[in-house]
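Architecture and fold: a report
In case you want the letters, here they are:
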Amino acid sequence: MTTPTPAPRGGIGLALTSMAIGAFGIGMTEFVSMGLLPGIAGDLLHGLYETRQEDAIAQAGVLISLYALGVVIGAPTIAAFVARFPRNRVMMGLLVALLVTNGLAVIAPTFETMAIARFLAGLPHGAYFGMATVVASELLGPSRRGHGIAMVMSGLTIANVVGVPGGTFLGQFFGWRIAYAVVVIVFALALVMCAIFIPAHEGDKGGSFLGELRIFRIPQVWMTVALGAIGFGAFFAIYSYISTLMTEAAGGPEWAVPLALVSIGLGMVVGNIIGGRLADKSVKRTLIIGLGIVAIMSGVVAVSAAHPVTLLVGLFLFGATSQITVPSIQLRLLDVAGQYQSIGAALNHSALNIGNSIGAALGGVVIAAGFGYAAPAWLGIILSALGILIAMASFAMDKQKVSLAA
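Below is a summary of the structure that appears in this document. Just so it is clear, the structure is predicted and the values come from calculations on it, not from any experiment.

From N to C terminus, the chain includes 18 helices and zero strands. Since a compact globule built from 406 residues should have a radius of gyration of about 22 Å, the 20 Å found for the chain is in line with a globular shape. Each of the three principal axes of the chain carries a C-alpha extent, and together these read 60 × 45 × 35 Å. Out of the 406 residues belonging to the chain, those deemed buried represent 56%. Residue pairs in contact within the chain that sit at least 24 positions apart in sequence constitute 84% of those at least 6 positions apart. When the accessible surface of the chain is summed, it comes to about 16000 Å², and 71% of that surface belongs to carbon and sulfur atoms. Looking at the chain, you have 19 positive and 15 negative side-chain charges, and the mean spots of the two groups are 16 Å apart.

Under the 1.5 Å per step criterion, the end-to-end length of helix H14 (residues 283–304) is 30 Å for 22 residues, consistent within 8% with the ideal 32 Å. Where H14 begins, the side chain of serine 282 points an oxygen toward the backbone nitrogen of arginine 285, at a separation of 3.2 Å.

Within the largest apolar cluster, 86 residues are counted, with the highest numbers of intra-cluster contacts made by Met19, Tyr128, Phe235, Val301, Leu311, Leu315 and Phe318. At 11 residues, helix H6 (residues 111–140) tops the list of elements feeding residues into this core. Excluding anything up to four places from it in sequence, methionine 19 contacts Met91, Tyr128, Ala132, Val135, Ala136, Leu139, Val152, Cys194 and Ile198. Core analysis: the next-biggest nonpolar cluster, separate from the first, contains 21 residues, Val32, Phe111, Ala117 and Ala179 among them.

In this section: the packing of helix H1 (residues 12–44) against helix H4 (residues 62–82). Packed helix pairs are specified by the crossing angle of their axes together with the interaxial distance, meaning the distance between the axes. Viewed as axis vectors pointing N to C, H1 and H4 meet at an angle of 160 degrees, and their least axial separation amounts to 9 Å. Here H4 runs roughly antiparallel to H1, going by the angle between their axes. The interaxial crossing formed by H1 with H4 has right-handed handedness. On the side of H1, the interface is formed by Ile26, Thr29, Glu30, Ser33, Met34, Leu37 and Ile40, while H4 contributes Leu63, Ile64 and Tyr67. Here the residues of the contact of H1 with H4 sort into seven nonpolar, two polar and one charged.

Before going further, it helps to spend a moment on the side chain of threonine 29. Mapping threonine 29 onto the fold places it in helix H1. Discounting chain neighbours no more than four positions away, the residues touching threonine 29 are Tyr67, Asn102, Arg118, Tyr180 and Val183.

Close contact between helix H7 (residues 145–174) and helix H13 (residues 257–281) brings their axes to 8 Å; oriented N to C, the two are set at 180 degrees. Relative to H13, the element H7 lies roughly antiparallel. Side by side, H7 and H13 meet where Arg145, Gly146, His147, Ala150, Met153, Ser154, Thr157, Ile158, Asn160, Val161 and Pro165 of the first sit next to Leu261, Val262, Gly265, Leu266, Met268, Val269, Asn272, Gly276, Arg277, Ala279 and Asp280 of the second. Looking at the contact of H7 with H13 residue by residue, the classes come out as 11 nonpolar, eight polar and three charged.

The final tally for this structure, using the stated rule, is two cavities of 30 Å³ or more. The space that makes up the largest cavity amounts to roughly 150 Å³. The set of elements that each furnish at least two residues to the lining of the largest cavity consists of H1, H7, helix H11 (233–239) and helix H17 (341–368). Classifying every residue of the lining of the largest cavity by side-chain character gives nine nonpolar, five polar and one charged. Thr29, Glu30, Ser33, Met34, Leu63, Ile64, Tyr67, Ala68, Arg118, Asn353 and Asn356 together form the lining of the second largest cavity. Elements that contribute at least two residues to the lining of the second largest cavity include exactly H1, H4 and H17.

We now examine the environment of tyrosine 373. Relative to the assigned elements, tyrosine 373 resides in the loop between H17 and helix H18 (375–405). For the pair tyrosine 373 and alanine 249, spaced 124 residues apart in sequence, the C-alpha to C-alpha distance is 5.3 Å. Setting aside residues up to four positions removed in sequence, tyrosine 373 forms contacts with Thr244, Leu245, Glu248, Ala249 and Ile367.

With respect to the secondary-structure elements, asparagine 356 resides in helix H17. For asparagine 356, a relative accessible area of 7% corresponds to the buried category.

As a further point, take the pattern of salt bridges. Enumeration according to the criterion identifies four salt bridges in this entry. Salt-bridge contacts for aspartate 398 lead to lysine 284; the nearest nitrogen and oxygen are separated by 3.2 Å. In this pair, aspartate 398 sits in helix H18 while lysine 284 sits in helix H14, placing the two residues 114 residues apart along the sequence. One salt bridge in this structure joins arginine 332 and aspartate 398, with 2.9 Å as the shortest N-O distance. One end of the pair, arginine 332, is in helix H16 (residues 326–337); the other, aspartate 398, is in helix H18, with 66 residues separating them in the sequence.

Rules behind the numbers
- Residues numbered from 1 in each chain as written.
- Predicted model: local features only at pLDDT ≥ 70, side-chain atom pairs only at ≥ 80, totals over all residues.
- Heavy atoms only, no water.
- Helix = DSSP H or I, 4+ residues; strand = E, 2+ residues; numbered from the N terminus.
- Rg over C-alpha atoms; globule rule 2.2 N^0.38 Å.
- Buried < 20%, exposed > 50% of the residue type's maximum accessible area, 1.4 Å probe, protein only.
- Contact = heavy atoms within 4.5 Å.
- Areas by Shrake-Rupley, 256 points an atom, 1.4 Å probe, with all protein chains shown as cover.
- Lys, Arg positive; Asp, Glu negative; His and termini not counted.
- Charge placed at Lys NZ, Arg CZ, Asp CG, Glu CD.
- Expected span 1.5 Å × (residues − 1).
- Polar contact = N/O pair within 3.5 Å; in protein donor to acceptor, adjacent residues only side chain to side chain.
- Core = buried A, V, L, I, M, F, W, Y, C linked by side-chain atoms within 4.5 Å.
- Axes fitted to C-alpha atoms, helices over the stretch in contact; angles between N-to-C directions.
- Parallel < 35°, antiparallel > 145°, perpendicular 65-115°, else oblique.
- Left-handed = near helix turned anticlockwise from the far one by under 90°.
- Nonpolar A, V, L, I, M, F, W, Y, C, P; charged D, E, K, R; others polar.
- 1 Å grid on protein atoms, 1.4 Å probe; cavity = no way out; pocket = protein on both sides within 12 Å on 5 of 7 lines; lining within 4 Å.
- Points joined across faces, edges and corners; volume = space filled by probe spheres on them.
- Salt bridge = Lys/Arg side-chain N within 4 Å of Asp/Glu carboxyl O.

Quick look at the structure:
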């Protein structure tokens, strides 16, 4: 059992802000790579870039997949290993790891070392968010868990508005390495603030690595991971192809792509705030209704892609509605995880990164099949609908368990 979290030094607001800054750094390092691939390919794959530019950029795209793979592997394994250690110290250790691995990206001399650095940078991602959301939930109490999770996740959503476009701009004009240098500075700030403002917490002294892995015996955990991976895959189906949605489907200029990123990012900020409050009212209702609205807004994006201006509006609405479900998915995992809170919270980010892979891969398939550059948005309707079906099946299992217990 864990001990109650004492009041943080400087107030709950500063504690949550400290964790949100770490989340900002994670959001920036995860997504800024997408806009820097040509620069990375030109530098680390120079020979191939000079002869076959498209092949070089495609090979550099492996860096994004390696980061996601690191998240999927690292989230449950690291969370299981560190569950018994003091949570405040674990968070500082994870921030050190994030700082060092992103520092490796700054100095990576070859593509191979850069690939290793990106994989290693993904490993602490899910464990950090898992630990941060558990601490935030305890700081604010049972009735405001969703609000606490949304506060931490606000760093990730704000990164999509400020950090990713800003890092991409700096990387394009001053070299791609400068973007990762900024990420290192962000993590250094988060480390100092978390050391000062996050209260001590003993963690689960009775926990063990193998004991924590028993979470995978819980069917509802698998159902919720599937819900996050497939239902939220709709977001990544659209986000992964936001550039071609603007330039090819809507016929907009290339300089409008950053505007599209800002538009969907602003929507994410708004949706995250709303989602945290709705999750505190009803996790199940928010998931069902939220995914239904995501399906509708995916269709709105597809239709609005006829013109650059309407697409910007559609992306904002889609970004807002897609994020409404995120705090509820996180809370659902905490609810079904039972005593395995740390690893349960971390699994959310494994699920979302699996969704990243599913959405991006299927989006590429429908484009390659000749359905057009707006096809990933139509695909979003299907993925959201599948998410609703998984959620309904999961909730039906809850009712069946209650009836059997009675």
